[in-house]
Amino acid sequence: MSKIVASGIVKRYGEKEVLHGIDLELEQGKIYGLIGRNGAGKTTLLSILSSQNPATEGAVTVEVSPDDAKPDDWQGKSSSAGNGSNIVKMRPRSAVVREPVWENPKALSHLCFSRELNQMVGNSANTMKVKEYLKIASLFLPHWDQKMADHLVAEFGLDTKKKISKLSKGMLSMVTIVVALASGAEFTFLDEPVAGLDVVAREKFYQLLLEEFTETGRTFVISTHIIEEAADIFEEVILLDEGKILLKENLEELLERAWCVSGREDEVDRATAGYTQHHAERLGRSKSVTILEPKQGEVRENEQTDRLEPKPDGAGESRQMDWQADTDMECSQSGGQPGFTRGNADVETPLRPDGTQRQNAASIQMRFARDAAVTVQKVSLQKLFVALCGEEH
């Protein structure tokens, strides 16, 4: 498998629609972070992608190589030989074959959705033991790695003789982690895997996940509310807001174009003219906002507003001095990362892995603050998430 493709996914429960036309591609060999507020539809989306829940509309398909395709996907060619007719099987016309996920055992054999365990079965306690649950998982997951499962049980100190109804919140999470990592599935989905885990156990999980990813190149999609911790392992992030995908982007590139601008309110408005202001916060005459610069090649709305009229020499410096107290206001979206004020020396601009140039913090500051007394700071993923998804619609 090389890719999972969700097209036009809609999910309704009765008259309530919880997913609205989701289009999503998940590529092989990446760790994705799926973040969103409670009720945004994260668990529902993962359950549909893994065929544990049918979509009301739309389809989920997987791209497989021709060698893994079902016989029905091969093109048949008739030929006559004596009194009989033979079908000569040829390779598919396309290099890639798409198969539906729903009720397709071959496709499902490459998927695993390890979700929170239920300690109740109906009105009764779940009396299944951990070892029984893991045994059932091994039977349903064809790529199950028993050696890894045993190693993880020992790492987390799990008592496999305990009943699921007797497990703590952290132990329940440990069981779901064991199933996810030992499944061997090419595409593995985890829903809140560190919920209830203490900080030591969480760090152990992140380490084990990265080790498995490095060794196998498996794809992981992790839904979590502990954003700041998990951000270090994400290659791409998917923001789900009220049943819609707000963005899907390489995390490093996303944070390169996210900035917090703070200062006197009228100066902030001047500096960010033409940008959408997110999560505006005010304190007296000061204001801070989060803005997203357009992606490379894109043009933001009202770009002409960026061409401000020149001011007399020294005017900007005077404002900088008059309002220094206001611009010293801590920007809550900064996430503790360093800020840049006008007058900072140029800094060396590092390169991305692909060789292209990263955003130069000094040039960013000068662009926003060239005639406005503002402070520009980097934004963490958690603060950006709050800015984009924390406002009432």
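It should be noted that the structure appears before, not after, this text.
Residues numbered from 1 in each chain as written. Predicted model: local features only at pLDDT ≥ 70, side-chain atom pairs only at ≥ 80, totals over all residues. Heavy atoms only, no water.

Undergrad: Help me out: how do you make sense of the overall build of the protein in this one?
TA: Each helix and strand counted, the protein has 13 helices and 19 strands in total. Burial statistics for the protein: of 393 residues in total, 46% are counted as buried. A separation of at least 24 residues holds for 72% of the contacts in the protein among residues at least 6 apart in sequence. Here the protein has roughly 20100 Å² of accessible surface; of this, 49% comes from carbon and sulfur atoms. (Helix = DSSP H or I, 4+ residues; strand = E, 2+ residues; numbered from the N terminus. Buried < 20%, exposed > 50% of the residue type's maximum accessible area, 1.4 Å probe, protein only. Contact = heavy atoms within 4.5 Å. Areas by Shrake-Rupley, 256 points an atom, 1.4 Å probe, with all protein chains shown as cover.)

Undergrad: How do you make sense of the sheet that holds strand E1 (residues 3–13) when you look at a structure like this?
TA: As a general point, the strands of a sheet are linked pairwise by backbone hydrogen bonds and lie either parallel or antiparallel. Read across the open sheet, the four strands follow the order E2-E1-E4-E7; overall the sheet is antiparallel. Either end of the sheet is taken by a strand with one partner, and the two such strands are strand E2 (16–27) and strand E7 (97–100). When the angles between neighbouring strand axes are averaged without regard to direction, this sheet yields 25°. Of the strands in this sheet, E1, E2 and strand E4 (57–64) touch helix H1 (residues 42–49), which is tilted by about 55° from E2. (Pairing = 2+ DSSP bridges. Axes fitted to C-alpha atoms, helices over the stretch in contact; angles between N-to-C directions.)

Undergrad: Before we go on, may I ask you to explain unusual backbone geometry in this structure?
TA: Leave glycine aside and you will find that most residues have negative phi; peptide bonds, for their part, are mostly trans. Positive phi, close to 50°, is recorded for glutamate 242, a residue that is not glycine. By the secondary structure assignment, glutamate 242 is in the loop between strand E13 (236–241) and strand E14 (244–250). Of note in the backbone geometry, histidine 279 takes a positive phi value of approximately 50° without being a glycine. Structurally, the position occupied by histidine 279 is in strand E16 (residues 278–283).

Undergrad: Can you walk me through the sheet that holds strand E8 (residues 111–114) in this structure?
TA: Taken in spatial order, the six strands line up as E8-E11-E12-E3-E13-E14 in an open sheet, and their pairing is mixed. At either end of the open sheet lies a strand with only one pairing partner, and these are E8 and E14. Adjacent strand axes in the sheet meet at a mean angle of 15° when their direction is disregarded. By the bridge criterion, four bridges tie E8 to strand E11 (residues 187–191) in an arrangement that is parallel. Bridge pairing links cysteine 112 to threonine 188 in E11. Contacting strand E3 (31–35), E8, E11, strand E12 (219–223) and E13, H1 runs over the sheet at an angle of about 155° to E11. Contacts from helix H13 (residues 381–389) reach E3, E13 and E14, with the element oriented near 25° to E13.

Undergrad: Would you mind showing me how to read the packing of helix H4 (residues 146–156) against helix H5 (residues 169–182) here?
TA: Relative orientation and spacing of two packed helices are given, respectively, by the angle between their axes and the distance between those axes. Between H4 and H5, whose axes approach to 9 Å, the crossing angle comes to 150°. Between H4 and H5, the angle is such that the two are roughly antiparallel. Seen from above, H4 lies across H5 with right-handed handedness. On H5, the residues that touch Met148, Ala149, Leu152, Val153 and Phe156 of H4 are Met174, Ile177, Val178, Leu181 and Ala182. Among the residues forming the contact of H4 with H5, the class breakdown is 10 nonpolar, no polar and no charged. (Parallel < 35°, antiparallel > 145°, perpendicular 65-115°, else oblique. Left-handed = near helix turned anticlockwise from the far one by under 90°. Nonpolar A, V, L, I, M, F, W, Y, C, P; charged D, E, K, R; others polar.)

Undergrad: Whenever I open this one, a nonpolar patch on the surface confuses me. Can you help?
TA: Together, Ile136, Leu139 and Phe140 make up an exposed nonpolar region whose accessible area comes to about 360 Å². Examined against the element boundaries, phenylalanine 140 turns out to sit in helix H3 (residues 130–140). (Patch = residues over 30% accessible without salt bridge, like charges linked within 9 Å, V, L, I, M, F, W, Y side chains within 5 Å. Salt bridge = Lys/Arg side-chain N within 4 Å of Asp/Glu carboxyl O.)

Undergrad: Would you mind showing me how to read H3 here?
TA: Side chains three or four residues apart in an α-helix point the same way, a direct result of the helix having 3.6 residues per turn. Taken together, the buried positions of H3 are occupied by Val130, Leu134, Ala137 and Ser138. Down the axis of H3, the buried set is contained in an arc of 100°. They therefore lie on one face. Those residues of H3 that are exposed and aimed more than 90 degrees away from the buried face are Lys135, Leu139 and Phe140. Residues of H3 that are buried in the fold lie against H4 and H5. (Arc of directions from axis to C-beta.)

Undergrad: How should I be thinking about the environment of leucine 45 in this particular structure?
TA: Turning to its location among the elements, leucine 45 is positioned in helix H1. The spatial distance from the C-alpha of leucine 45 to the C-alpha of alanine 55 is 9.0 Å, given a sequence separation of 10 residues.

Undergrad: Please clarify how the packing of aromatic side chains should be interpreted in this entry.
TA: Aromatic ring pairs: the centre-centre distance and the angle between the two ring planes describe each pair. Taken as a whole, this structure holds one aromatic pair when the rule is applied. Considering the side-chain rings of phenylalanine 205 and tyrosine 206, the 5.6 Å spacing of their centres and the 50° angle between planes classify their relative orientation as tilted. The ring of tryptophan 259 has lysine 378 lying over it, and the distance from NZ or CZ to the ring centre is 4.3 Å. (Phe/Tyr/Trp six-rings, centres within 6.5 Å; stacked < 30°, edge-to-face > 60°. Lys NZ or Arg CZ within 6 Å of the ring centre and 35° of its normal.)

Undergrad: Is there a simple way to think about the packing of H4 against helix H6 (residues 199–216) in this case?
TA: Contact pair H4 / H6: the axes reach a minimum separation of 11 Å and the direction vectors enclose 160°. In terms of orientation, H4 lies roughly antiparallel with respect to H6. Once H4 is placed against H6, the crossing between them reads as right-handed. Judged by residue contacts, Met148, His151, Leu152, Glu155 and Phe156 of H4 engage Ala201, Lys204, Leu208 and Glu212 from H6. Its residues assigned to classes, the contact of H4 with H6 comprises five nonpolar, one polar and three charged.

Undergrad: Just to check I follow, could you spell out the pattern of salt bridges for this structure?
TA: Counted under the stated rule, the structure contains 16 salt bridges. One salt bridge connects glutamate 17 with arginine 12, and the closest N-O pair in it is separated by 3.1 Å. Glutamate 17 sits in the partly exposed class, given a relative accessible area of 31%. For arginine 12, a relative accessible area of 32% gives the class partly exposed.

Undergrad: Sorry, what's going on with the pairing of E16 here?
TA: Taken residue by residue, a regular strand's side chains alternate between the two faces of the sheet. The pairing of E16 with strand E17 (residues 286–292) spans four bridges and is classified as antiparallel. Paired with arginine 282 across the bridge in E17 is lysine 287. Between E16 and E17, which pair antiparallel one after the other, the connecting turn spans two residues, and glycine 284 there sits at a positive phi close to 65°.

Keep in mind these values describe shape, not function.
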